Each structure stands twice: as structure tokens, then as C-alpha cells.
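# Observations on the three-dimensional arrangement
Spelled out from the first residue to the last, the chains are:
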Amino acid sequence: MDSPTLTAAAAFRTAIVPAAGLGTRFLPTTKAVPKELLPVVDTPAIELVAAEAAEAGASRLVIVTSPEKESVTEYFRPNPELEQTLSERGKADLLAKVRRAPGLIEAETAIQEKALGLGHAVSCAESKLTEQDDAVAVLLPDDLVLPTGVLTRMAETRARYGGSVLCAFDVPREQISAYGIFEVADTGEEDVHRVLGMVEKPAPEDAPSTFAAAGRYLLDRAVFDALQRIEPGAGGELQLTDAVALLISEGHPVHVVLHRGGRHDLGNPGGFLRAAVDFALQDHEYGPGLRNWLVERLNRE
């Protein structure tokens, strides 16, 4: 177990973001524009998750993507020509927005030649790690976890208990069959539970809890060895949950932090639209007008 004096900020420095998918539910747009660059109001999802990782202490972002989608990583590169133009035109607010992503975090690419599951995507990032990377964060860009801060709580939990830490939501029992559900034991600490196992999409009556997996992981470096030892499942895919299950079976400590905030699923147009409306309503420029329009529009029904 890690020393209890380990600070949360020292828990990880590298965040992995799997972004190699085809974005088929957003076709035809994703023929040309990666789903991760579609704007939630005016900010791409990839920047939102990068900001979340940086807030929790990450200094490096490894974006696992396909050869055709390296523009996702390019988004984090400076654009001197555009910056100079905006500066010359006195567009200080826009200039700050353009510089925001490159200033957040150091981003690099790991290539996944063929989509073979989340576990395979995570394993593609291993060559980018150094001896300093005792643990890595994994953030799924389709999941916006709100408010931010759960990664920091997860890092604090790893500092106390060691091992790996996952994020969970408490979902209504009637929705359980859509999620991977944790079997847990109490730790005596509020909203932190020891993971005993995991059941993928169980019937509500068979579920060991109502705690569902979300798209945030803080994984001990041992997960990469486990990924080498698990068997591929359907379609030859390597599942990250299988590697975590192997670690649990070998006595590796795994905990979940129960997040009592909200989330948006950006993996489908309906969820994406809800996120865009939610973020826009909170925007000082767009929010008031949008709220008035929505009230008027809904009253026409």
C-alpha cells in the first residue's frame, strides 16, 4: 500500500484519453470532424476532459487515437499565425480562448491502429509512460462528470488505500441493466467502497449494488501487466474491466469513489444536445436568451 503521507497531487501525472472511435452515431459529421472536437457551446469535449485532468494534477495527456484523427492532438498545439491575427485585431477574449488548451497540459498521441476494446486502447499508451508513472488516470471523453473534482477525490483515495480507484454513480435500480455494476464492501468512509467484483449489465434483481461504473479511472501501473494476461472477449476486444477483475482476484486493492453529482453522455446526439443546452444555460452571454427562448418554445407545444 502507498504511504499515507502521499499527497493527492503526487498520485498521477499522466492522463490517458481513448479517442480512436469512428463516432458512427454522429455521421455524416464525423466523416471529416472527430467527435471529440465537436463543441459543447464553444469548447470541444476533449478540452473539457483535459481541463478536468489538469485540475486534478495531471501534466501530460496521452490521446489514444487512430492515424486519421491526429487533429485531436493538434488541437492542443499553439497556432502562432491565428494568435498573431487575433492579437493585431484586438480580440483579447478570443486570443485567450485559443491559447487555453495549449496552456492546460502537454498533449501527445498514441496510435491505436485497430479498435480492439477499451483495454487495448489503454495498453497502447504504455509506451508513452516513464518510471515516474506509478499510476495513470483514464478519462473517457464521452463522459462529462459534473461538477469536476472527482479525480482529485480518487487521487486522495489512492493515497490512503493504494491500488486503483474507479468512479461510480448511484443509479436507479430500474436502470441497472444498462451499466457495469460494482459489488462492494464498506470502508467506514463515506462514499468510498472496496470493490469485490463487478457484474456487467445485470438484471436489476441480480445486481449486487446500485453503484454503476463511470468513465473515470485512476489505475495502478500494474494494470498494464494485467492487460497482457487477460483473454480477448467478443470481437477480439480487450476489456479494461477484465484487467481490473484480474487484479482484484490477485489481491490488488481496488476502490470506488461514489460521485453524487451529474453526468452527460456525449456519445450520442441526444446526450450531446443536453450537454450543450446545460452548458449554454450557465453561460453569461448565451444563457439568458436561451432560457427565454426555451420557455417560449416549450409553451408552444
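Residues numbered from 1 in each chain as written. Predicted model: local features only at pLDDT ≥ 70, side-chain atom pairs only at ≥ 80, totals over all residues. Heavy atoms only, no water.

Heads up, the condition is: UniProt positions are given in the numbering used here, feature names are shortened, and annotations may be inferred rather than shown by experiment.
As recorded in an unreviewed UniProt entry, the protein goes by the name UTP--glucose-1-phosphate uridylyltransferase, listed as coming from Saccharopolyspora erythraea. Turning to the protein, the UniProt annotation filed under Catalytic activity (unreviewed entry) states: "alpha-D-glucose 1-phosphate + UTP + H(+) = UDP-alpha-D-glucose + diphosphate". According to the UniProt record, the Sequence similarities (unreviewed entry) comment for the protein is "Belongs to the UDPGP type 2 family."

## Let's talk about the packing of aromatic side chains
For clarity, the threshold we go by: Within 6.5 Å between ring centres, the rings of Phe, Tyr and Trp (the latter by its six-membered ring) count as paired, and their orientation is classed by plane angle as stacked under 30 degrees, edge-to-face over 60, tilted in between. Under the scheme applied here, a residue whose accessible area is under 20% of the maximum for its type counts as buried, over 50% as exposed, and between as partly exposed, the area being computed with a 1.4 Å probe on protein chains only. A ring is scored as having a charge over it whenever the NZ atom of a lysine or the CZ atom of an arginine sits within 6 Å of its centre and within 35 degrees of its normal.
Tallied over the full model, the rule gives 2 aromatic pairs. Ring geometry for Tyr75 against Phe76: centres 5.5 Å apart, planes inclined by 90 degrees, an arrangement best described as edge-to-face. We classify Phe76 as buried; its relative accessible area is 3%. When the ring centre of Phe169 is taken as reference, the NZ or CZ atom of Arg263 above it lies at 5.1 Å.

## Regarding the UniProt feature "domain: Nucleotidyl transferase" (unreviewed entry) in the protein
The condition that has to hold: Secondary structure elements are taken from DSSP: a helix is a run of H or I of four residues or more, a strand is a run of E of two residues or more, and numbering for both begins at the N terminus.
Under the UniProt annotation, the feature "domain: Nucleotidyl transferase" (unreviewed entry) is placed at residues 15-278. With 31% helix and 27% strand, the stretch residues 15-278 has end C-alpha atoms that lie 26 Å from each other.

## Considering the packing of helix H9 (residues 269-281) against helix H10 (residues 287-299)
Short version of the rule: Structural elements are reduced to axes, namely lines fitted to C-alpha atoms, with helices fitted over the stretch in contact, and the angle between N-to-C directions of any two is expressed from 0 to 180 degrees. In these notes the angle categories are as follows: under 35 degrees is roughly parallel, over 145 is roughly antiparallel, 65 to 115 is roughly perpendicular, and the rest is oblique. Contacts are assigned to residue pairs that have any heavy atoms within 4.5 Å of one another. Note on residue classes: Ala, Val, Leu, Ile, Met, Phe, Trp, Tyr, Cys and Pro are nonpolar, Asp, Glu, Lys and Arg are charged, and everything else, Gly too, is polar.
Where H9 meets H10, the axes come as close as 8 Å, and the angle between the chain directions of the two elements is 125 degrees. By the angle between their directions, the pair H9 and H10 is classed as oblique. Residues Val277, Ala280 and Leu281 of H9 pack against Gly287, Leu290, Arg291 and Leu294 of H10. Residues of the contact of H9 with H10, tallied by class, amount to 5 nonpolar, 1 polar and 1 charged.

## With respect to H9
Formally: Here a helix's expected span is defined as the number of its residues, less one, multiplied by 1.5 Å.
The end-to-end C-alpha distance of H9, which contains 13 residues, comes to 18 Å, matching closely the 18 Å that a straight helix rising 1.5 Å per residue would cover. Its buried side turned inward, H9 meets strand S2 (39-40), strand S13 (262-265) and H10.

## Here's the deal with the side chain of Glu36
Tracing the backbone through its elements, the reader meets Glu36 in the loop between strand S1 (14-18) and S2. Using a relative accessible area of 4% as the deciding quantity, one classes Glu36 as buried. Residue contacts for Glu36: discarding those within four places in its chain leaves Ala19, Pro44, Ala45, Ile46, Lys69, Val72 and Pro141.

## Here we look at the pairing of S1
Sheet faces and side chains relate simply in a regular strand, where the side chains alternate between the two faces. As a reminder of what qualifies: Strand pairing requires that DSSP identify at least two bridges connecting the strands.
Extensive coverage of S1 is indicated by the burial of 5 of its 5 residues. What you see with S1 is no split at all: Thr14, Ile16 and Pro18 on one side and Ala15 and Val17 on the other are buried throughout. Looking at chain direction, S1 and strand S4 (residues 60-65) are connected through 5 bridges and run parallel. Within S4, the residue paired with Ala15 across the bridge is Leu61. Sheet topology places S1 next to strand S6 (residues 135-139); 3 bridges connect them, and they run parallel. Bridge assignment links Ile16 to a residue of S6, and that residue is Val138.

## Quick look at the pairing of strand S11 (residues 211-220)
Counting buried positions along S11 yields 10 of 10 residues, so the element is predominantly enclosed. Two elements, S6 and S11, share 5 bridges in a ladder whose sense is antiparallel. When the sheet's bridge partners are listed, Ala137 is paired in S11 with Leu218. Here strand S8 (residues 164-170) pairs with S11 via 5 bridges, running antiparallel.

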